[in-house]
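In case you want the letters, here they are:
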Amino acid sequence: MNEKNVRWDKIFYGKDWVNQIVDTIKTKDILQGVYFKRYILRAIMAGFIISIITVFVLAIKMSLISDIPLGVVNIIAAIAFSFALVMILFTNSELLTSNFMYFTVGLYYRLIKPTRVAKIFLLCFVGNVVGAILLFTLMLGTDVVTPDMKAELVHIIDHKSVDSSFMSILIKAIFANFFINISLVIAMQIHDIFAKMFVMMFGVAIFAFMGYEHVVYDSCLFIAGLLFDPLALSPLHLVKNIIAAGIGNYIGGGLIIGLFYAYLNDHHQFDKERLN
């Protein structure tokens, strides 16, 4: 049996990878069940971080767009946006889209009930949105967001909501969370902290540069738009985006990554173990 496991772990990630995922699931489940306020605060921090990096990226675009070719500006902005995931992970904040992968692994091994997973997803999303509301409400009292940045914000929102079909948003959302979570899977195998950061950043940079859809990022954009220029937005199209992006992100991160690697690394080691 030991020899079989050694061969298995050389072909797949093996028990160590699965145990890391399971430990993360248990920690998150305990947090939301026992330390509810702390879990919400961690989710709020993730939304706050994404929102403040969004403002940073808008500022970069507007300051460079007149001097540098658009493609180069977009690459720089994508790299800048990738800082968000690094900050979220190293502050132990709660981001909905990474939870899609973790808890799908837990569902596969039957370590957690679907109702509890749904509760965690909802709490995490609400916390992420509250973080965005807090950040952009504070920004209303400053001159950080310039008229040019507001115009670019509305343009991005229109492209993501009004100009995009439900199916287009869903497919792009699959790609977005695929790149985010495949980066997390790779980073879990790396011990050097700078290598971890690089791997996490390149996955996010790809999805940001390609304009793929991320339900939390899009929600943060929409909150900013509603606060800075509400008359320029179409609420029905915003809802369309959130639903399509949420479904697509779950497929990309939960099914294509989480379920896929849970199956590949299944040693049947958790057959008798359950989270209550």
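Residues numbered from 1 in each chain as written. Predicted model: local features only at pLDDT ≥ 70, side-chain atom pairs only at ≥ 80, totals over all residues. Heavy atoms only, no water.

1. Some words on the side chain of Asn249
Just so we agree on the cut-off: Elements are defined by DSSP. Helices are runs of H or I of four residues or more, strands are runs of E of two residues or more, and each kind is numbered from the N terminus. The cut-offs for exposure are 20% and 50% of the maximum accessible area for each residue type, with area from a 1.4 Å probe on protein chains only; residues under the lower value are buried, those over the upper are exposed, and the others partly exposed. The definition of a polar contact used here is a pair of N or O atoms within 3.5 Å, where within protein one atom must be able to donate a hydrogen and the other to accept one, and adjacent residues in sequence count solely through side-chain atom pairs. Residue contacts are defined here by distance: any two heavy atoms, one from each residue, within 4.5 Å place the two residues in contact.
In this structure, Asn249 sits in helix H12 (residues 235-264). With a relative accessible area of 0%, Asn249 lands in the buried category. In terms of polar contacts, Asn249 uses its side chain to reach the backbone carbonyl oxygen of Ala173, at 2.8 Å. Within the local environment of Asn249, its side chain forms a polar contact with the backbone oxygen of Glu213, the two atoms lying 3.0 Å apart. Those residues within four positions of Asn249 in sequence are excluded, and the remaining contacts are Thr97, Phe100, Ala173, Ile174, Ala176, Asn177, Glu213, His214, Val215 and Gly254.

2. Some details on the nonpolar core
What counts, and what does not: By convention a nonpolar core is built from buried Ala, Val, Leu, Ile, Met, Phe, Trp, Tyr and Cys residues, the set being connected through side-chain atoms within 4.5 Å.
Counting 83 residues, the largest nonpolar core has Trp17, Ile21, Ile50, Phe81, Phe103 and Phe136 as the members making the most contacts within it. The element best represented in this core is helix H3 (residues 36-64), accounting for 12 residues. Sequence-distant contacts of Trp17, that is, excluding residues within four places in its chain, are made with Val105, Val185, Met188, Gln189, Tyr261, Ala262 and Asn265.

3. Looking at the UniProt feature "transmembrane region" (unreviewed entry) in the protein chain
We apply this condition: UniProt positions are given in the numbering used here, feature names are shortened, and annotations may be inferred rather than shown by experiment.
Mapped onto this numbering, the UniProt entry gives "transmembrane region" (unreviewed entry) at residues 39-60, 72-90, 119-140, 166-186, 193-212 and 242-264. Secondary structure content for residues 39-60 is 100% helix and 0% strand, and the end C-alpha separation is 32 Å. With 100% helix and 0% strand, residues 242-264 has its two end C-alpha atoms placed 31 Å apart.

4. A closer look at the packing of aromatic side chains
Note on aromatic pairs: each is described by the distance of the centres and the angle between the planes. How we decide: Aromatic rings from Phe, Tyr and Trp, taking only the six-membered ring of Trp, are treated as a pair when their centres fall within 6.5 Å; an angle between ring planes under 30 degrees marks them as stacked, one over 60 as edge-to-face, and anything in between as tilted.
In total, this model carries 13 aromatic pairs according to the counting rule given. Ring plane angle 90° and centroid distance 6.5 Å describe the contact between Phe136 and Phe228, whose orientation is recorded as edge-to-face. Pair noted here: Phe136 is in helix H7 (residues 114-140) and Phe228 is in helix H11 (residues 215-228), with a separation of 92 residues, a long-range link. Phe228 sits in the buried class, given a relative accessible area of 15%. Arranged with centres 5.8 Å apart and planes meeting at 55°, the rings of Phe198 and Phe202 form a pair that is tilted. In this pair, Phe198 and Phe202 both sit in helix H10 (residues 193-210), 4 residues apart, roughly one turn of the helix. The class of Phe202 is partly exposed, set by a relative accessible area of 33%. An aromatic cluster is present here, built from Phe100, Phe103, Phe121 and Tyr250 joined pairwise through their rings.

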